[in-house]
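Descriptive structure summary
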Amino acid sequence: MRIDVVTLFPEMVEHAAAFGVTGRALERGLWRLGTWNPRDFATDSYRTVDDRPYGGGPGMVMLAEPLAKALAAARATQHDDGFGATRTICLSPAGAPLTHARVAELAAAGDGTAYLLVAGRYEGIDERLVQREVDEEISIGDFVVSGGELPALMLIDAIVRQRPGVLNDAESAVQDSFVGGRLDCPHYTRPEQDAGGKVPDVLLSGNHAAIRRWRLKQALGRTWERRPEMLRHRALSNEETTLLAEYQRERQQVQQ
Ligand code: 9WO
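This is a predicted model, so every value here is computed, not measured. (Residues numbered from 1 in each chain as written. Predicted model: local features only at pLDDT ≥ 70, side-chain atom pairs only at ≥ 80, totals over all residues. Heavy atoms only, no water.)

1. Focus: the overall build of the protein chain
Counting its regular elements, the protein chain contains 10 helices and nine strands. In the protein chain, which comprises 256 residues, the proportion classed as buried is 39%. If you take every contact in the protein chain between residues at least 6 apart in sequence, the share linking residues at least 24 apart comes to 75%. Total accessible area computed for the protein chain in this model is approximately 14,700 Å², and 52% of it derives from carbon and sulfur atoms. Positive and negative side-chain charges of the protein chain, numbering 30 and 36 respectively, have mean locations separated by a distance of 6 Å. (Helix = DSSP H or I, 4+ residues; strand = E, 2+ residues; numbered from the N terminus. Buried < 20%, exposed > 50% of the residue type's maximum accessible area, 1.4 Å probe, protein only. Contact = heavy atoms within 4.5 Å. Areas by Shrake-Rupley, 256 points an atom, 1.4 Å probe, with all protein chains shown as cover. Lys, Arg positive; Asp, Glu negative; His and termini not counted. Charge placed at Lys NZ, Arg CZ, Asp CG, Glu CD.)

Next comes the structure, spelled out in structure tokens:
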């Protein structure tokens, strides 16, 4: 898989992607990153990439032409490198909300797939560029940030960590919790006792069946407390129903 990003701040994307799981996967050749600066495609001596909005108002709008040229150069390179089926995605609060299912769908593409992400700056991008060149708009949440780079990096991280061979076994296990439509259980490490209290006894018991049940119960209980709508979207197994009922009963006892 190859991911290209059109951005006024290519170093920001390259630097952030070089850390941790995404960086290790880059080094191992499990994906490739390209960045394209629209400023390099501006034709005037000032290398202008923005202009004032028609209709007036504050701020500046990204010019369509340097963006279109950057996108064309990125697609040509993707094609020359043997990547087909490019999908162009713009990061915008007006896009479709990103979900685990959406990430899984994007990550399930073949090795020969390339994505082209557009990260805007200023007040926005000329709408004609979006209409002509962008296949889909994705939002990572109902808030506004200063540019599309951080949302693009979040999308990249979420996709790359789902690619085959990227996570080791331990890392993969953590991820399974959200895939299962519930939140993760609480985690503890040394020391057994600190100012915040004691580690739950069951985790020190060595009883792996009891530990698994406790973790599943905590995960279901937290999901019920914090994100009840997640539980309405899936059926619970008999074991899960029993564990959640136990959690709810214990919670009631604490409150009385
Ligand atoms: C901003 C905006 C606000 C309301 C409705 C639609 C909107 N689109 C954009 C937009 O595309 N903005 C560009 C990228 C230029 C300004 C900074 N940008 C941006 C992207 N801010 N916040 C995001 C973003 C992207 C994905 N998920 C959450 C926020």
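2. What about the pattern of salt bridges?
Applying the stated criterion to the full structure yields 23 salt bridges. Close ionic contact of Arg213 with Glu246 constitutes a salt bridge, the shortest N to O distance being 3.6 Å. Here Glu246 lies in helix α10 (residues 238–255) and Arg213 lies in helix α8 (residues 208–226), a separation of 33 residues in the sequence. Taking relative accessible area as the criterion, Arg213 reaches 35% and is therefore assigned partly exposed. (Salt bridge = Lys/Arg side-chain N within 4 Å of Asp/Glu carboxyl O.)

3. Some details on the site of the ligand
Around the ligand lies a shell of 20 residues, among which Ser92, Tyr122, Ile140, Phe143 and Val145 are the nearest. Take Ile140: an N or O atom from its main chain is 2.8 Å from a nitrogen atom of the ligand. Contacts to the ligand include Val145, whose backbone N or O atom sits 2.9 Å from a nitrogen atom. When isolated, the ligand has an accessible area of 580 Å², and the protein chains bury 79% of it. Listing elements by their share of the shell around the ligand, those giving two or more residues are β5 (84–97) and β7 (136–139). (Near = heavy atom within 4 Å. Polar contact = N/O pair within 3.5 Å; in protein donor to acceptor, adjacent residues only side chain to side chain.)

4. A word on helix α3 (residues 64–80)
Between the first and last C-alpha of α3 there are 24 Å, a value that for 17 residues agrees with the 24 Å anticipated at 1.5 Å per step. Turning to α3, its buried residues are Pro66, Leu67, Ala70, Leu71, Ala73, Ala74 and Gln78. In a view along the axis of α3, the buried residues occupy a sector of 160°, so they form one face of it. Away from its buried face by more than 90 degrees, α3 exposes His79 and Asp80. On its buried face, α3 is in contact with β1 (2–6), β2 (32–36), β4 (61–62), β5, β6 (113–118) and α5 (127–133). One or two steps after α3, the chain reaches Gly82, where phi turns positive at roughly 90°. (Expected span 1.5 Å × (residues − 1). Arc of directions from axis to C-beta.)

5. Comments concerning the side chain of Glu246
Glu246 gets classed as buried once you look at its relative accessible area, which sits at 19%. Once residues within four sequence positions are removed from consideration, Glu246 is found in contact with Arg213 and Lys217.

6. A word on the nonpolar core
By size, the foremost hydrophobic cluster in this structure holds 26 residues, and its most contacted members are Ile3, Leu117, Leu155 and Ile159. Those elements giving two or more residues to this core turn out to be β1, α1 (10–17), α2 (20–27), β5, α4 (100–107), β6 and α6 (149–160). If one sorts the elements of this core by residue count, α6 sits on top with seven residues. In this structure, Leu155 is in contact with Ile89, Leu91, Leu98, Leu106, Leu117 and Ile138, ignoring residues within four places of it in sequence. Listed in part, the 17 residues of the second largest apolar core include Val6, Trp36, Ala70 and Leu71. (Core = buried A, V, L, I, M, F, W, Y, C linked by side-chain atoms within 4.5 Å.)

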